[in-house]
Amino acid sequence: MSDQSAPPKEQFQLSMLIYDARYRGITIQIFVLLLVMSGLFWLASNAVTNLAALGKPIRFDFLGDTAGYDINQRLVEYSSQSTHARATFVGLLNTLLVAFMGCAAATILGVVGGVLRLSNNWLVSRMVALYVEIFRNVPVLLWIFVCMFTFTALAPQPRAFRGENPEASMYLWDSVAFTNRGIYMPEPLFSRPLGNIDVGIFLVSLELLVVLALLIGGIIFARKNNARAARIQDETGDRPSTGLVNAAAILLPSIIALIAMGFYLGKPALAGFNFKGGINMSASLIGLWLGLTLYTTTYIIEAVRSGIQAVNKGQSEAAAALGLRPGRTMNLVILPQAMRIIIPQLISQYLNLTKNSSLAVAIGYMDLVSTLGGITLNQTGREMEAILLLMAIYLTISLSISVGMNWYNNRVKLVER
Amino acid sequence: MSDIGYVRTEMLGQLPPPGNTVGIVGWMRSNLFSSVSNTILTLIAAAFVVNLLFSMIPWIFLGVWNADSLSHCREIFDAKYGDGREYACWAVVRDRWDQIIFGYSFGNLNEGLYWRPILGVLLIFVSITPILFPNTSRWLYVATFATLFLYPWLIWGGALAGPVTAALIFIAGYFAFRALAKAMLPSFALGATIVLLAVAFLYLQAPISSVIAAILPIELQPVASREISGFVLSITIGVVAIVVSLPIAILLALGRQSDLLIVNKLSTGFIEIIRGVPLITLIFVATVLLKYFLPSSFDLDPVLAVMILVTLFTAAYIAEVIRGGLAALSKGQKEAADSLGLNYWQAQRLIILPQALKISIPGIVSNFISVFKDTTLVSIVALNDPLGISDSIRSNSDWNGIVWELYGFIALVFWIFCFGMSRYSLYLERKLRTDHR
């Protein structure tokens, strides 16, 4: 207790750094900072000493060397003569490909499953519950192995398609082949091609750009048309029909363009020991995709279920009192409110799926970890650089997904006053 | 007299409900066939279930438990059923049971050592009883404290003096902290205690443990970390990560909620970096990079390195769960603590953390489930967890080509653990729920 009669002089003393609550925070922070800095410095200096002793200072020029290994699943041009940087880029695209495919499939299955889980059909809701409990409580790596083995065990070998009376046949008018090396699908080709633009690291097909531009133009036109229809409806009470015009505006130009460029489907065909031509999804991609999807779906089902159940029962009762049918109650009243609870959980599941896609290395799918953290690392012996780069890339992907999704979340969330 | 012919004087009994709304028929009508679309759904689902059961059940239950190899299994199938179909060869689970559960260290090599992991797991169950069920005797916390030191001893072996010395030093440290906290601010007392503990471990451990070794000359056969494998490896990594990560996670969560800018930014940065990268990259860091970051005199074995990184990984995730619990508390709680004159640590210990941790328990348990499942990732860096062992079993010519039986068994064991934990978390959630719904 301070002396009441003589107020303490406001003069800084060294002991105030410890005993005065105003300054103690600064002392603690400086102390913590010093501690962390010296720890980091210790680690870094150890690393520098150890690497120098091994004669490999930290340099990233190995990325420019020839990679010398093949990647069977790729979205952009790559050969074994390309550089390690190029291999890393191919791996990054493969990671993004499987993450995108997995997120899309898991979202669709998860929303359907979540609604079925709450269905009043006892059998269906119990089946979904059973699926969730089985798949969620077993490691995802095990599911990836199981999916991979199931696919390669059940799908026929390419040679089963050969001969007079082949054991296996292709589906959809001889255009899709399921083999244990992967799925072969037809690819879009053009008899009067426009060529490609080289944007530095990969080629962009001009045909795709043309079709995309026409589609986007059509959609913009359709939105304008809808706005005009709404304006006329506000003024006169009659809404001019827009459906046919919109559909024509969106579809017709691209169809005409496709015909003009001579669009046709290039079907895969058996050549030698394997299929040639068409788009190839390798067995490892399918196994990884299925495993990640089946595992992540269970979490999305639970997110959807909890989101829907969190909406107050009064909401659905009010909707019923207004005379809305159950389907419209779900679409117009419950889901929009449930989305606010579902979306944050969905974001974290997307992030988890993207990070879990790194398990590709266990089944030989050439993603970022298998290229940069796998073969490139083993060939060049640059562990420090390769793994730090790997972590930096994943960090960037994760942060971008969460930034994008948070932006979306902020747009749809309830504005509270 | 009255002209009324008939007046009923007593109530009629209720008619029974229509036959098609009660009993099993009524239940089926309301739950399975309430509308056309529901009926179609039910039929599709039933067809699916029947189909699945018809293909799975014979495979599972007609399988063989006694055989030496896969080809032996097939001979038995041919002799028994003769229909050319494949059935489960469960004999592999029977044959390699020890290897899958106990791994190499306790398994094939030293069959006499099985009691060590078994006793260790039993100790863990005893030690979590007071945490799981709060009405049990508080004296069981003594078992919890003892397990912290006894479990590593049972797994790694060595002299009993080591864990006993460590426990004694920690107990002494606790009393030193109590004494110091009366003399100075708690945060400084904590810092001083940590320094004291470090000094004690550096200089006093060897003499004390030699004294104890003279009194208690009990020694277990040591087991090298790289030999720990099978489910013993999964459980050990999981338990170490769970136990060690909790205090780190609480500190990180408090740091992230703190008003001190530098502490806040450091905690946030650590949490976000760890959560932004996949666990497999951290496991690579453990097995490949960690040896560069430590002085070359350190001989860090891969299992220990993996444990450290998995612990940090878990801590970052649990810190976020606890932060959610801290954020869910109303601001009034902290203000009330301040107005009572409690300092920061007193307020956290007595007011804030008990409530925040209670809210976060379900999230923490679900993170424990994740970390236990994630221990399978160590098979990628060639450690012998059950998945790694399943690979090596398949590479043996006796069992080459066996897939489903091994994965099915491993999945079943994981499922039992994880399902049990998730049911417990649901039970807790219901018990701790104080609102009325």
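Note that the structure is predicted; figures quoted are calculated from it, not measured.

(A) Expanded view of the overall build of chain B. For chain B, the helix and strand inventory stands at 16 helices and two strands. Taking 437 residues into account, the globule formula puts the C-alpha radius of gyration at 22 Å, and chain B, at 30 Å, lies well above it. Overall, the C-alpha framework of chain B stretches about 105 × 80 × 45 Å when taken along its three principal axes. Burial analysis of chain B (437 residues in total) assigns 41% to the buried set. When contacts within chain B are restricted to residue pairs at least 6 apart in sequence, those whose partners lie at least 24 apart make up 72%. Carbon together with sulfur atoms contributes 67% to the accessible area of chain B, which is approximately 23,800 Å² in total. The average position of the 28 basic charges and that of the 26 acidic charges among the side chains of chain B differ by 11 Å.

(B) Looking closely at the domain arrangement of chain A. Here chain A is partitioned into domain 1 (1-49) and domain 2 (91-160 + 286-416). Each of domain 1 of chain A and domain 2 of chain A has a C-alpha centre, and these two points are 46 Å apart.

(C) Looking closely at the packing of helix 6 (residues 140-156) of chain B against helix 7 (residues 161-183) of chain B. Residue and element names in this part refer to chain B. One can describe the packing of helix 6 onto helix 7 by two numbers: an axis separation of 9 Å at closest approach and a directional angle of 150 degrees. As far as their axial angle goes, helix 7 and helix 6 are roughly antiparallel. Helix 7 is crossed by helix 6, and the crossing has right-handed handedness. Contact with helix 6, carried on its side by Phe 145, Phe 149 and Trp 153, involves Pro 163, Ala 166, Ala 167, Phe 170 and Ile 171 of helix 7 and no other residues of that element. Class assignment of the residues belonging to the contact of helix 6 with helix 7 gives a composition of eight nonpolar, no polar and no charged.

(D) Up close: the interface of chain B and chain A. Taken together, the contacts link 58 residues of chain B with 55 residues of chain A. Summed over both partners, the interface of chain B with chain A buries about 4,900 Å², with 75% contributed by carbon and sulfur atoms. On inspection of chain B and its partner chain A, the count reaches one salt bridge. Across the pair Arg423(B) and Glu133(A) runs a salt bridge, and its minimum N-O distance is 3.2 Å.

(E) Region of interest: the domain arrangement of chain B. When its domains are assigned, chain B resolves into domain 1 (17-61), domain 2 (96-140 + 227-432) and domain 3 (158-220). The straight-line distance from the C-alpha centre of domain 1 of chain B to that of domain 3 of chain B is 64 Å.

(F) Quick look at the sheet that holds strand 1 (residues 177-179) of chain A. Residue and element names in this part refer to chain A. The three strands lie next to each other as 1-2-9, forming an open sheet whose pairing is antiparallel. Two strands in the sheet have a free side with no partner beyond their single neighbour: strand 1 and strand 9 (279-282). Neighbour to neighbour, the strand axes of the sheet diverge by 15 degrees on average, direction disregarded. As judged from the three bridges shared by strand 1 and strand 2 (residues 182-185), these two strands associate in the antiparallel manner. For Ala 177, the partnering residue across the bridge sits in strand 2 and is Tyr 184. Relative to the sheet, helix 8 (residues 283-310) contacts strand 2 and strand 9, its axis offset from that of strand 9 by approximately 60 degrees.

(G) Seen up close, the environment of Ile250(A). Residues and elements named next belong to chain A. For Ile 250, the location among the structural elements is in helix 7 (residues 243-260). Overall, the relative accessible area of 22% leaves Ile 250 in the partly exposed class. Considered as a pair, Ile 250 and Gly 218 are 32 residues apart in the sequence and their alpha carbons are 4.0 Å apart.

(H) Fine view of helix 14 (residues 344-374) of chain B. With 31 residues, helix 14 of chain B extends just 36 Å between its outermost C-alpha atoms, more than 12% less than the 45 Å of an ideal straight helix rising 1.5 Å per residue. For helix 14 of chain B, the N-terminal capping position is held by Asn343(B), with its side-chain oxygen 3.2 Å away from the main-chain nitrogen of Trp345(B).

(I) A look at the packing of aromatic side chains. Here the structure, examined in full by the defined rule, presents 25 aromatic pairs over all chains. Consider the rings of Phe149(A) and Tyr407(B), whose centres lie 5.9 Å apart with planes at 45 degrees: the pair is tilted. One end of the pair, Phe149(A), is in helix 5 (residues 140-154); the other, Tyr407(B), is in helix 16 (residues 404-432), on a second chain. Residue classification places Tyr407(B) among the buried positions, given a relative accessible area of 2%.

Criteria and cut-off values
Residues numbered from 1 in each chain as written. Chains lettered and ligands numbered in written order. Predicted model: local features only at pLDDT ≥ 70, side-chain atom pairs only at ≥ 80, totals over all residues. Heavy atoms only, no water. Helix = DSSP H or I, 4+ residues; strand = E, 2+ residues; numbered from the N terminus. Rg over C-alpha atoms; globule rule 2.2 N^0.38 Å. Buried < 20%, exposed > 50% of the residue type's maximum accessible area, 1.4 Å probe, protein only. Contact = heavy atoms within 4.5 Å. Areas by Shrake-Rupley, 256 points an atom, 1.4 Å probe, with all protein chains shown as cover. Lys, Arg positive; Asp, Glu negative; His and termini not counted. Charge placed at Lys NZ, Arg CZ, Asp CG, Glu CD. Domains from an automatic or database assignment. Axes fitted to C-alpha atoms, helices over the stretch in contact; angles between N-to-C directions. Parallel < 35°, antiparallel > 145°, perpendicular 65-115°, else oblique. Left-handed = near helix turned anticlockwise from the far one by under 90°. Nonpolar A, V, L, I, M, F, W, Y, C, P; charged D, E, K, R; others polar. Buried area = accessible area lost by both parts, 1.4 Å probe. Salt bridge = Lys/Arg side-chain N within 4 Å of Asp/Glu carboxyl O. Pairing = 2+ DSSP bridges. Expected span 1.5 Å × (residues − 1). Polar contact = N/O pair within 3.5 Å; in protein donor to acceptor, adjacent residues only side chain to side chain. Phe/Tyr/Trp six-rings, centres within 6.5 Å; stacked < 30°, edge-to-face > 60°.

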